[in-house]
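Here is how the chains run, residue by residue.
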Amino acid sequence: MNRHDLLLRIRGLFLRRRAEQELDDELRFHLEMSAQKNAAGGASSEEAARLARVRFGGIDRAKEDCRTVRGTQLVESTLRDIQYALRGFRRSPLFVLTVVGTIALGLGLNTALFTIFSTYVLRPLSVHDPSSLYSFAWANRSGSEHRFSWRDFEKLRETNLAFSEVMATEYLFGRMDGRPMSGELVTGNYFKMLGVSAARGRTLLPEDAAAPGKDPVMVLSYITWRNKFGSDPNIVGKKLVVRGYPLQVIGVAKEGFGGLVSAPPDYWAPLTMAGQLEPGADLRLWIIGRLQPGWSLSQARAALAIWAKQETADLPDPEKAASVILQSNATTIRLSPQVIIAFSPLMTAFGLVLLLACANVANMLLARAMARQREIGIRLSLGAGRRRLIRQLLTESVLLAIPAGLAGFLVSRGSIDLGVRAMFATLPSDMAELIPAVSLPPDVRVFVFMLIAALVSAFLFGLAPAIQSTRANVMLAARGEFTSDVRPMRLRNALVIGQITVCALLLICTGVMIRGAREMRNVEIGFRTRGTLFIELSDKDRPKVLSHLAIAPAVEGIAAVQSIPLDGMLPNLIISTGDRPRTVNAWHNHVSPEFFNVLEIPILEGRSFTREEAAAGAPVAVISELAARTLWPKADAVGGQIRVQRDPQSDWGEPLPKYRAVRVVGVARNIISCSIPYGPDPALIYFPSTLAGSGSLMLRVRGDVETVRRALVSDLDTMFPGAVNQIHPMDQAFELNVYPFRVAAWVGSTLGGLALLLTLSGIYGVLSYLITQRTKEIGIRMALGATTGEVTRLVLRQSGRLAAVGVALGTALALGVSRLFASHLVFLNTFDSVAYTAGVMLVVAASLAAAYFPSRRAARIDPIATLRYD
Amino acid sequence: MAQSKLDLLQGTLDLLILRTLESSQALHGWAISERIEQISQDVLRVNQGSLYPALHRLEHQGWIKAEWGVSELGRRARFYRLTLSGRKQLELETNDWERLSAAIGRVLKMA
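Residues numbered from 1 in each chain as written. Chains lettered and ligands numbered in written order. Predicted model: local features only at pLDDT ≥ 70, side-chain atom pairs only at ≥ 80, totals over all residues.

### Side note on the overall build of chain A
Now for step 1: Counting its regular elements, chain A contains 28 helices and 21 strands.
Now for step 2: Relative to a compact globule of 870 residues, whose C-alpha radius of gyration would be 29 Å, chain A shows 38 Å and is clearly more extended.
Now for step 3: If you line up chain A on its principal axes, its C-alpha atoms span 135 × 80 × 55 Å.
Now for step 4: In chain A, which comprises 870 residues, the proportion classed as buried is 39%.
Now for step 5: Sequence separation of at least 24 residues holds for 82% of the intrachain contacts in chain A that already meet a minimum separation of 6. (Helix = DSSP H or I, 4+ residues; strand = E, 2+ residues; numbered from the N terminus. Rg over C-alpha atoms; globule rule 2.2 N^0.38 Å. Buried ≥ 20, exposed ≤ 12 C-beta atoms within 10 Å, placed from the backbone. Contact = placed C-beta atoms within 7 Å.)

Below, the structure written as structure tokens:
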């Protein structure tokens, strides 16, 4: 297609009438000239004109050929189809509204999900050239990642290998001005390397991180500045106390920048302040480099692997680098097969709801197409091409899908807004405070997704009805019979069975999740969370705070613990009894003697530690019931000797007991230390520690825990500013553990509810249509003596048949899905019979309910009236 | 009389239109058809029904250009003119045609 062609086509399209007029004029001129010639030859004027026309041939054919050359028919016929479809829509606004609403709901929910996916996984971070950013680490032979120290980072920077620039960051939880906030300690080049500017003041510069402890400054994130500091115009220059240490705000980062992680920090401070902000703690750096231009990923990986192996060649085996990990940081979450797998059940569930909506609309269109069978039959017998008719019907579907897409966009915005609100309303309050308000703006990707999804659904719901309804037999249509050859019922029944199947599947899965979430709340965790707080203190204020807490009237008991329960896995140890070679993996924790008392963990045999043992660091241990049974299946554990070995595969730098052999002094009941979904601990061994030592504190308090916490925080913050890094009720830790499952249950319920509604209306539609179709037959049956009860049963039986097939298929699918997930979701009983029964019952009840009204209508059919029609 | 005339071979109409327009100023469709028949000494017969689609097709290709003008008898008519790219196309097609007819001629003589 060249320039002339394009211009002429456009002209033909927009100046169609003029082009037609010109074609007429041109041909008329020709015919007149031709006639004139004939007249000059002696013919009469009429005869001359006739001869001219004969000589020319088919004038309309020539015109049509000229129009073909113009190349605008496709557009023109489409425009005609659109006009035709719109006229049809105007006649049935209720139909249009139902279709648009149904599809909009399905599209909207899917777009909402896609928006979330796109924001985290697809959208490049708003930093300079995000695709060249890679995080770097190396791992030892057993796969545990190296813990990067400042020295490691310096060495990497000096090599100038593979990366044109490297930076390091460390996440820091703590309280700032009395509120829990999260920060990131960064190297001085962080903002420059990412190309992130300041909305106010300035960002950190390399000079701000030149020497340890010299520059107490920070940059706030835009969203924190807006939400937590009310967009204070005078924020720059103010001093904010982080973990008891005043840092001066030098600027606010640009809007939309939230670091490189999925939980955006509230502020950034120089890494050189680590000594002040977390004294005594070892750094664990996260390294990010910008790949040198011209280097491929595999080149970089190879070069870095050689370097890392050289660097660690002289170290003991567990510290030797065996492999390097180089992962893209272009998006917040790297698009990987694991992410797709994690997202796919959710996407499938949402997609199924859209599919249900499409099935419903397809059913409605089929019913409508049957009503239009006469029109379509006539058009077919008049010579309209079937392809052409299908195109016209699909045009109609697309015309329905476009407004549905627009409405769906509003639905997606609404549901995202509702979802975020619901999340903040239901999250444990301490957690809600730590999470900044997420913004999930739609972007080009979302619109493209929306468009494609709308078009795909148009084909999904439009194609089957279009093909089905144009199958009419021309011979029959010409005789005026429009229904006899068409068997749409089979297709409609298949659609409804499909709906019931999907509905049953979704409801059963929802049931499993709801039951699982409930179950989790009732799980015996083995210790008391009510009235218990945990506190993390800065080391320098620990003795003073402890002595204050000891006399605080609200505090009933204090214990120290290395790893707070319900806060993740504990470090592993390899233990064995003195007399047997068999070794056992066991988690370990350091607790003060009061621990078992404060958390109400019963000591089943023996005793807890004494204060003297704790103070002296005596080689004694309390072990869990499971550990006792594993090590001494028959004998008494108390008094037994345990040999302790470091586990090279789980070396997190946790403190270890200094001794190699310990004596068991007591056996404590099993608890859940890691998390509720993870389930009961494996063998667990406690070593003694003291309150004054290290670790978090657990407090048992009198009265309302929230009131006590507030009072403690205000007292401690005034007396020892910055002493308290964290203080949270254990109840919230518990809630946080079960929260994801509650969310899953809510999302599942919403989807299941929608699926049920859609299926209900689908069954209702099909049965209503069936009654209309079989009115004559039912009339005859009644005339021959069938009772209304029999007629009602006839309709209910029809619905029951559909439901039976659908439910059977749905249950089978659910069982398949359960098998698939059973090994991954150990904490859920994916074969929960109650959930299965409830889901099946619900679907069957819904099918019968949907059949009730059509069956009533069937029972009211007047046999005399129906018979009189023929 | 019509029987003695030859119908144009498929695809040669374009060539003849271009050639006709090359040797004269702008012509309207009627004049083109008359000129072809006249020059061929009434041996060739232009199918008038396919003349106009052919003209429009050539116009879409950009080889000829159409303008409304006034005919010799004072009537409004659509005049076609050869464009520069049309001239090139004519050269190409003339070449092709000559090679083709020469080849056919040789085959006919030899066989």
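### Side note on the overall build of chain B
Now for step 1: Counting its regular elements, chain B contains four helices and five strands.
Now for step 2: Each helix and strand of chain B, ordered N terminal to C terminal, gives the series β-α-β-α-β-α-β-β-α.
Now for step 3: Dimensions along the principal axes, computed over C-alpha positions, put chain B at roughly 55 × 35 × 20 Å.
Now for step 4: A buried classification covers 32% of the 111 residues belonging to chain B.

### Some remarks on the nonpolar core
All names here are of chain A.
Now for step 1: Ranked by size, the top nonpolar core spans 153 residues in total, and within it Ala621, Ile623, Ile685 and Ala755 carry the most contacts.
Now for step 2: Excluding its chain neighbours within four sequence positions, the residues that come into contact with isoleucine 623 are Ala628, Ala637, Val664, Val667, Leu684 and Ile685.
Now for step 3: Of all hydrophobic cores here, the second largest spans 54 residues; its members include Val196, Tyr222, Leu260 and Ile288. (Core = buried A, V, L, I, M, F, W, Y, C linked by C-beta atoms within 7 Å.)

### Considerations on the packing of helix α1 (residues 12–22) of chain B against helix α2 (residues 29–39) of chain B
Residues and elements named next belong to chain B.
Now for step 1: As a packed pair, α1 and α2 sit with axes 10 Å apart at the nearest point and diverge in direction by 95 degrees. Here α2 runs roughly perpendicular to α1, going by the angle between their axes. Residues Leu16, Ile17 and Thr20 of α1 pack against Ile32, Arg35 and Ile36 of α2.
Now for step 2: Of the residues in the contact of α1 with α2, the class split is four nonpolar, one polar and one charged. (Axes fitted to C-alpha atoms, helices over the stretch in contact; angles between N-to-C directions. Parallel < 35°, antiparallel > 145°, perpendicular 65-115°, else oblique. Nonpolar A, V, L, I, M, F, W, Y, C, P; charged D, E, K, R; others polar.)

### Considerations on the packing of α1 of chain B against helix α4 (residues 84–110) of chain B
Residue and element names in this part refer to chain B.
Now for step 1: With their axes 10 Å apart at the nearest point, α1 and α4 run at an angle of 125 degrees to one another. Taken together, α1 and α4 sit at an angle that is classed as oblique. Both α1 and α4 take part in a crossing whose hand is left-handed. Each of Leu15, Leu18, Arg19 and Glu22 in α1 lies in contact with α4, whose residues at this interface are Gly86, Arg87, Gln89, Leu90, Glu93 and Trp97.
Now for step 2: Residues belonging to the contact of α1 with α4 are distributed by class as follows: four nonpolar, two polar and four charged. (Left-handed = near helix turned anticlockwise from the far one by under 90°.)

### Quick word on the sheet that holds strand β5 (residues 76–82) of chain B
Now for step 1: Ordered by their spatial adjacency, three strands build an open sheet running β2-β5-β4 (chain B), and the pairing between neighbours is antiparallel. Every interior strand has two partners, whereas the edge strands, β2 (27–28) and β4 (64–70) of chain B, have only one. (Pairing = 2+ DSSP bridges.)

### Brief notes about the interface of chain B and chain A
In many reports, interface size means the accessible area that the parts give up when they come together.
Now for step 1: On the side of chain A, 21 residues touch chain B, which itself brings 18 residues to the contact.
Now for step 2: No other element matches helix α3 (residues 48–61) of chain B, which puts nine residues into the side of chain B that touches chain A.
Now for step 3: Partitioning the side of chain B that touches chain A into residue classes produces four nonpolar, nine polar and five charged.

### Some remarks on the pairing of strand β20 (residues 696–701) of chain A
On any regular strand, side chains alternate: one points to one face of the sheet, the next to the other face.
Residues and elements named next belong to chain A.
Now for step 1: Counting buried positions along β20 gives five out of six residues, so the element sits mostly inside the fold.
Now for step 2: Pairing analysis gives four bridges linking strand β11 (residues 532–537) to β20, with the strands arranged antiparallel. Within the sheet, the bridge partner assigned to phenylalanine 534 lies in β20 and is methionine 698.
Now for step 3: In this structure, strand β12 (residues 555–561) lies alongside β20, joined through six bridges in antiparallel fashion. Across the sheet, residue isoleucine 558 finds its bridge partner in β20, namely leucine 699.

### A look at the environment of serine 429 of chain A
Residues and elements named next belong to chain A.
Now for step 1: Mapped onto the secondary structure, serine 429 falls in helix α15 (residues 429–434).
Now for step 2: The partly exposed category is assigned to serine 429, around which 13 C-beta atoms lie within 10 Å.
Now for step 3: Remark: the alpha-carbon pair of serine 429 and leucine 736, spanning 307 residues in sequence, is separated by 9.8 Å.

### Describing unusual backbone geometry
Residue and element names in this part refer to chain A.
Now for step 1: Although it is not a glycine, alanine 162 sits at a positive phi angle of roughly 65 degrees.
Now for step 2: Position of alanine 162 among the secondary structure elements: in the loop between α7 (150–159) and β2 (163–176).
Now for step 3: The exposure class assigned to alanine 162 is buried, which follows from the 25 C-beta atoms found within 10 Å.
Now for step 4: One non-glycine residue, glutamate 600, adopts positive backbone phi at about 55 degrees.
Now for step 5: Within the secondary structure layout, glutamate 600 lies in the loop between α20 (595–598) and β15 (603–606).
Now for step 6: The class for glutamate 600 is partly exposed, based on 16 C-beta atoms found within 10 Å.

### Comments concerning the environment of isoleucine 500 of chain A
Residue and element names in this part refer to chain A.
Now for step 1: Checked against the element boundaries, isoleucine 500 lands in helix α18 (residues 488–522).
Now for step 2: Taking the C-alpha atoms as reference points, isoleucine 500 and threonine 759, 259 residues apart in sequence, are found 6.2 Å from one another.
Now for step 3: Residues within four places of isoleucine 500 in sequence aside, it is in contact with Thr759, Leu802, Ala803, Gly806, Val807, Gly810, Val843 and Ser847.

### Some details on the environment of valine 844 of chain A
All names here are of chain A.
Now for step 1: Assignment of secondary structure puts valine 844 in helix α27 (residues 833–859).
Now for step 2: Classification of valine 844 as partly exposed rests on a count of 18 C-beta atoms within 10 Å.
Now for step 3: Sequence spacing of valine 844 and phenylalanine 687 is 157 residues, and the spatial spacing of their C-alpha atoms is 57 Å.
Now for step 4: Beyond its immediate sequence surroundings of up to four residues, valine 844 is in contact with Ala803 and Val807.

### Some details on the confidence of the model for chain B
The predicted coordinates should not be examined in detail at positions where pLDDT is low.
Residue and element names in this part refer to chain B.
Now for step 1: Here chain B averages 85 in pLDDT, and 90% of its residues register 70 or above.
Now for step 2: The least confident element of chain B is strand β1 (residues 6–7), whose mean pLDDT is 66; the most confident is β5, at 91.
Now for step 3: Interface confidence in the predicted complex, given as ipTM, is 0.88; pTM for the same model is 0.78. (pLDDT = per-residue confidence, 0-100.)

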